Amino acid sequence: MSNRSVISTPAAPAAIGPYSQAIRVDKTVWVSGQIPLDPESMEIVSTDISAQARQVFSNLAAIAEAAGGGLEDAVKINISLTDLADFAAVNQVMAGFFPAPFPARACVEVAALPRAARIEVEMIMVLRATAP
């Protein structure tokens, strides 16, 4: 039988609804969508898309670490943007966080995101055999 556990860390924003930061089952971790909230203030960090993307990827990295891995364990991410004109800026920020080979990815434009965020990213990870 699989081993299901809740992943939670104060280094990433607390859930703002009835969901967990992440759920781990065996070596697979499903990370809930992260918006650019500062984990301490729980406020959006900036209106600038690059600053928002950096915060989102920092939040994902903190959750990945709490799960026993890192962003290099990401196999799939889904990016939601309120404006696809931000695509290139987000790509540039993402390239600084994820090592090659990069995870599979989808990127879509959406009408709106919680707290008027410009970006939200969710992630699926498969932890390496050395992870606890």
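Look up: the structure comes first, before these words.
Notes on the structure in this doc start here.

Re the overall build of the protein
Piece 1. When its secondary structure is counted, the protein shows two helices and six strands.
Piece 2. Ordered by position from the N terminus, the helices and strands of the protein form the series β-β-β-α-β-α-β-β.
Piece 3. Since a compact globule built from 132 residues should have a radius of gyration of about 14 Å, the 14 Å found for the protein is in line with a globular shape.
Piece 4. With the principal axes as the frame, the protein shows a C-alpha extent of 45 × 30 × 20 Å.
Piece 5. Residues counted as buried form 40% of the 132 residues belonging to the protein.
Piece 6. Here the contacts in the protein between residues at least 6 apart in sequence split such that 70% fall between residues at least 24 apart.
Piece 7. For the protein, the exposed area adds up to about 6700 Å²; of that, 55% sits on carbon and sulfur atoms.
Piece 8. If you average the places of the 9 positive and of the 13 negative side-chain charges in the protein, the two averages end up 6 Å apart.

Remarks on helix α1 (residues 49-66)
Piece 1. When the terminal C-alpha atoms of α1 are compared, their 26 Å separation across 18 residues agrees well with the 26 Å that a helix rising 1.5 Å per residue should span.
Piece 2. Counting buried positions along α1 yields 13 of 18 residues, so the element is predominantly enclosed.
Piece 3. The opening residue of α1, the one whose side-chain oxygen lies 3.2 Å from the backbone nitrogen of Ser-50, is Asp-48.
Piece 4. Once α1 finishes, Gly-68 follows within two positions and takes phi at roughly 100°, a positive value.

Describing the nonpolar core
Piece 1. By size, the foremost hydrophobic cluster in this structure holds 28 residues, and its most contacted members are Phe-57, Ile-119 and Met-123.
Piece 2. Looking at this core, the elements with two or more residues in it are β3 (28-34), α1, β4 (74-81), α2 (87-97) and β6 (119-126).
Piece 3. The element contributing the most residues to this core is α1, with eight residues.

Here's the deal with the environment of Asn-91
Piece 1. Among the structural elements, Asn-91 can be located in helix α2.
Piece 2. Considered as a pair, Asn-91 and Ser-50 are 41 residues apart in the sequence and their alpha carbons are 9.5 Å apart.

Here we look at α2
Piece 1. Within the sequence span of α2, burial applies to Val-90, Val-93 and Met-94. Each buried residue of α2 lies within a common arc of 100° when the element is viewed along its axis, so the set occupies one face. Away from its buried face, by an angle of more than 90 degrees, α2 presents the exposed residues Ala-88, Gln-92 and Gly-96.
Piece 2. Contacts from the buried residues of α2 go to α1, β4, β5 (104-109) and β6.

Calculation rules
- Residues numbered from 1 in each chain as written.
- Predicted model: local features only at pLDDT ≥ 70, side-chain atom pairs only at ≥ 80, totals over all residues.
- Heavy atoms only, no water.
- Helix = DSSP H or I, 4+ residues; strand = E, 2+ residues; numbered from the N terminus.
- Rg over C-alpha atoms; globule rule 2.2 N^0.38 Å.
- Buried < 20%, exposed > 50% of the residue type's maximum accessible area, 1.4 Å probe, protein only.
- Contact = heavy atoms within 4.5 Å.
- Areas by Shrake-Rupley, 256 points an atom, 1.4 Å probe, with all protein chains shown as cover.
- Lys, Arg positive; Asp, Glu negative; His and termini not counted.
- Charge placed at Lys NZ, Arg CZ, Asp CG, Glu CD.
- Expected span 1.5 Å × (residues − 1).
- Polar contact = N/O pair within 3.5 Å; in protein donor to acceptor, adjacent residues only side chain to side chain.
- Core = buried A, V, L, I, M, F, W, Y, C linked by side-chain atoms within 4.5 Å.
- Arc of directions from axis to C-beta.

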